[in-house]
Amino acid sequence: MILSILVNEGPYTHQASDSAYQFAAAALAKGHEIFRVFFYHDGVNNGTRLTTPPQDDRNIVSRWSKLGEEHKLDLVVCVAAAQRRGIVDEGEARRNGKDATNLAPGFRISGLGQLIEAGIQSDRTVTFGD
Amino acid sequence: MTTKKFMIVNRKAPYGTVYALESLEVVLIGAAFEQDVSLAFMDDGVYQLKKGHQTKGIGMKAFEKTYGALEDYDVTKLYVDQESMAARGLTPEDLCVPVEMMPRADLGKLMEDQDVVLSF
Amino acid sequence: MLHIVNKSPLERPSLDTVLQAGADGAILLIEDGVYAATRGNAVEDRLKKAMGTLKVYALGPDLDARGVADRLTEGVTVVGYDGFVDLVAEYKTNQSWL
């Protein structure tokens, strides 16, 4: 089955991102395909490579990057939500005159249409949020 | 393109959190993708439609007008949960747009009929 | 359809709204939603009553994390994340009552 996941909360404050990750890992282990993981609202903060959690804590961002790399996942950060919250890739930095980028490996920034497309292309879309 | 039934369920009040505003953006994009988009308002989500938002004092942009403009995007299915309205002392006259009032159980059935339910 | 509830029933009305709106199908309690599946919780009777028409599941890892796995309300089925995936696959539509 083809699944997509919507993550509406950032890491560390709400359990949403953790639950979404555990769900994604379980779905992949069962042989399902994940069409896309879409990060919206504060969920875009899952895509900053500048997080530095304590060593004995999970690294939510790099965990997504790693799962993405292993399973060729399409990890998409909503552009409008990202601009509001300062999640920047090279293209965005250039367009908006920013002096740095922080998008984590394996993530890409794109429009909200990607969420609608995920809903269209997937058999199921599951939302995690607050 | 495939057309699917998308229902956007709004259960949170406006301004206190960003969900109401960003959910509207999903509605507009869904309409742009020519999907069968409907909106449901339940629990504190019905406060999103309360007319007369004056946001100058809190320094935030009011988005009440967007609900009125949904019709221009062919988004005409706005369902409001009757029980949620009653619990908040609201009647359809208090709302900024015409909506279809629906008993909770009927709204539940309508949800079952959707392809994608996005909840904010 | 599958109703996913992640809020404690004493914090937000999500579960009660589902119990009134959900005609049939299943409820999956996750995150803080699992407190609804514990004995003595104020919603216990309402949840048990709903079991006539709705199947009720609770996510085991969330029960364990909160130290309430031993207080499970009778009739609630415990599932892991793999069971969560199976439920999503089983029901054509799902909604997270955020």
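What this report covers is the structure whose coordinates are included nearby. (Residues numbered from 1 in each chain as written. Chains lettered and ligands numbered in written order. Predicted model: local features only at pLDDT ≥ 70, side-chain atom pairs only at ≥ 80, totals over all residues. Heavy atoms only, no water.)

Side note on the overall build of chain B
In plain terms, the rule: Secondary structure elements are defined from DSSP: runs of H or I of at least 4 residues count as helices, runs of E of at least 2 residues count as strands, and each element is numbered from the N terminus. In what follows, a contact means two residues having at least one pair of non-hydrogen atoms within 4.5 Å. Per-residue and other accessible areas follow the Shrake-Rupley method at a 1.4 Å probe size, with only the shown protein chains counted as cover for residues. The charged-residue count follows a simple rule in which Lys and Arg add positive charge and Asp and Glu add negative charge, with His and chain termini not counted at all. By convention, the point assigned to a charge is CZ for Arg, NZ for Lys, CD for Glu and CG for Asp.
Counting its regular elements, chain B contains four helices and five strands. Traced from its N-terminal end to its C-terminal end, chain B shows the element sequence β-α-β-α-β-α-β-α-β. A separation threshold of at least 6 residues defines the contact pool for chain B, and within that pool the share at least 24 residues apart is 76%. Total accessible area on chain B stands at roughly 5500 Å², and carbon and sulfur atoms take up 52% of it. Across chain B, the mean location of the 13 positive side-chain charges is 5 Å away from that of the 19 negative side-chain charges.

Considering the pattern of salt bridges
For the record, the criterion: The term salt bridge refers to a pairing of a side-chain nitrogen on Lys or Arg with a carboxyl oxygen on Asp or Glu at a separation within 4 Å. The buried label goes to any residue with under 20% of its type's maximum accessible area, the exposed label to any with over 50%, and the partly exposed label to all in between, with areas taken from a 1.4 Å probe on protein chains only.
Under the defined criterion, the tally for this structure stands at 27 salt bridges over all chains. Taking the shortest distance from any N to any O, the salt bridge between Asp-86 of chain C and Lys-30 of chain A comes out at 3.2 Å. Here Asp-86 of chain C is found in helix H4 (residues 81-90), whereas its partner Lys-30 of chain A is found in the loop between helix H1 (16-29) and strand E2 (33-39) on a different chain. For Lys-30 of chain A, a relative accessible area of 38% corresponds to the partly exposed category. Measuring nitrogen to oxygen at the nearest pair gives 2.7 Å for the salt bridge that ties Arg-108 of chain A to Asp-74 of chain A. One end of the pair, Arg-108 of chain A, is in strand E4 (residues 107-110); the other, Asp-74 of chain A, is in the loop between helix H2 (60-71) and strand E3 (75-78), and 34 residues separate them in sequence. Using a relative accessible area of 32% as the deciding quantity, one classes Arg-108 of chain A as partly exposed. Taken together, the salt bridges that share partners define one network made up of Asp-42, Arg-84 and Arg-85 of chain A together with Glu-22 and Glu-25 of chain B.

As for the interface of chain C and chain A
Often, the extent of an interface is quoted as the loss of accessible area upon association of its parts. What counts is decided by this rule: A 1.4 Å probe defines the accessible area here, and the buried area is the portion of it lost by two parts on being joined, summed over both. The term polar contact refers here to a pair of N or O atoms within 3.5 Å; inside protein, the definition further demands a hydrogen-donor-capable atom paired with an acceptor-capable atom, and it admits residues adjacent in sequence only when both atoms are side-chain atoms.
Of the residues lining the interface, 21 residues belong to chain C; the matching set on chain A comes to 20 residues. Carbon and sulfur atoms make up 58% of the surface buried where chain C meets chain A, a total of about 1500 Å² over both sides. Among the residues of chain C in contact with chain A, Tyr-81, Val-85 and Leu-98 of chain C are the three that bury the most area, contributing 33% of the side total. The partner of Asp-130 of chain A in a salt bridge is Lys-7 of chain C, with the nearest N and O atoms 3.3 Å apart. Put simply, chain C and chain A have 12 residue pairs in polar contact (both at pLDDT 80 or more) between them.

Digging into the packing of H1 of chain A against H4 of chain C
We apply this condition: Lines fitted to the C-alpha atoms define the axes, with helices restricted to the stretch that makes contact. Angles between their N-to-C directions range from 0 to 180 degrees. Here the word oblique covers every angle except those under 35 degrees (roughly parallel), over 145 (roughly antiparallel) and from 65 to 115 (roughly perpendicular).
Across the interface, H1 of chain A lies against H4 of chain C with an axial gap of 8 Å and an inter-helix angle of 75°. Taken together, the axis directions place H1 of chain A and H4 of chain C in an arrangement best described as roughly perpendicular. Judged by residue contacts, Ser-19, Gln-22, Phe-23, Ala-26 and Ala-27 of chain A of H1 of chain A engage Tyr-81, Asp-82, Phe-84, Val-85 and Val-88 of chain C from H4 of chain C.

A few points about the packing of aromatic side chains
To keep things clear, this is the line we draw: The pairing test for Phe, Tyr and Trp rings, Trp by its six-membered ring, is centres within 6.5 Å, and the orientation test on the planes gives stacked under 30 degrees, edge-to-face over 60, and tilted for anything in between. Throughout this description, the term charge over a ring refers to an Arg CZ or Lys NZ atom that lies within 6 Å of the ring centre and within 35 degrees of the ring normal.
Tallying each qualifying case throughout the model produces 11 aromatic pairs over all chains. When the ring of Phe-39 of chain A is compared with that of Phe-107 of chain A, the centres are 5.4 Å apart and the planes differ by 50°; the resulting orientation is tilted. Of this pair, Phe-39 of chain A sits in strand E2 while Phe-107 of chain A sits in strand E4; the two residues are 68 residues apart in sequence, bridging distant segments of the chain. Judged by its relative accessible area of 0%, Phe-39 of chain A is buried. Among the residues examined, Phe-107 of chain A registers a relative accessible area of 7% and is labelled buried. With 5.1 Å between their ring centres and 45° between their planes, Tyr-15 of chain B and Phe-63 of chain B make a pair best called tilted. Here Phe-63 of chain B lies in the loop between strand E2 (36-41) and helix H2 (64-69) and Tyr-15 of chain B lies in the loop between strand E1 (5-10) and helix H1 (19-32), a separation of 48 residues in the sequence. Note on Phe-63 of chain B: relative accessible area 6%, which makes it buried. An aromatic cluster of three or more residues is present, and its members are Tyr-21, Phe-39, Trp-64 and Phe-107 of chain A. Sitting over the face of the ring of Tyr-21 of chain A, Arg-63 of chain A holds its NZ or CZ atom 4.2 Å from the ring centroid.

Let's talk about the interface of chain B and chain A
The condition that has to hold: Charged residues are taken to be Asp, Glu, Lys and Arg, nonpolar residues to be Ala, Val, Leu, Ile, Met, Phe, Trp, Tyr, Cys and Pro, and polar residues to be all remaining types, Gly included.
Listed per partner, the contact involves 21 residues of chain B and 20 residues of chain A. Here chain B and chain A share an interface that buries about 1700 Å² over both sides, 62% of which is from carbon and sulfur atoms. Inspection of the chain B/chain A interface yields three salt bridges. Linking Glu-25 of chain B and Arg-84 of chain A is a salt bridge whose minimum nitrogen-to-oxygen distance equals 3.2 Å. For the side of chain B that touches chain A, the secondary structure elements donating two or more residues are H1 and strand E5 (116-119) of chain B. At eight residues, H1 of chain B tops the list of elements feeding residues into the side of chain B that touches chain A. Taken together, the residues of the side of chain B that touches chain A sort by class into 12 nonpolar, five polar and four charged.

Quick word on the sheet that holds E1 of chain B
Residue and element names in this part refer to chain B. The criterion, for reference: When DSSP finds two or more bridges between two strands, those strands count as paired.
What the five strands build is an open sheet, ordered E4-E3-E2-E1-E5; its pairing is parallel. Both outer strands of the open sheet, strand E4 (100-102) and E5, are each paired with one neighbouring strand and no more. The average angle at which neighbouring strand axes cross in this sheet is 25°, direction not considered. Of the pairings in the sheet, the one linking strand E3 (residues 77-81) to E4 comprises three bridges and is parallel in character. When the bridges of E4 are listed, Val-80 appears paired with Met-101.

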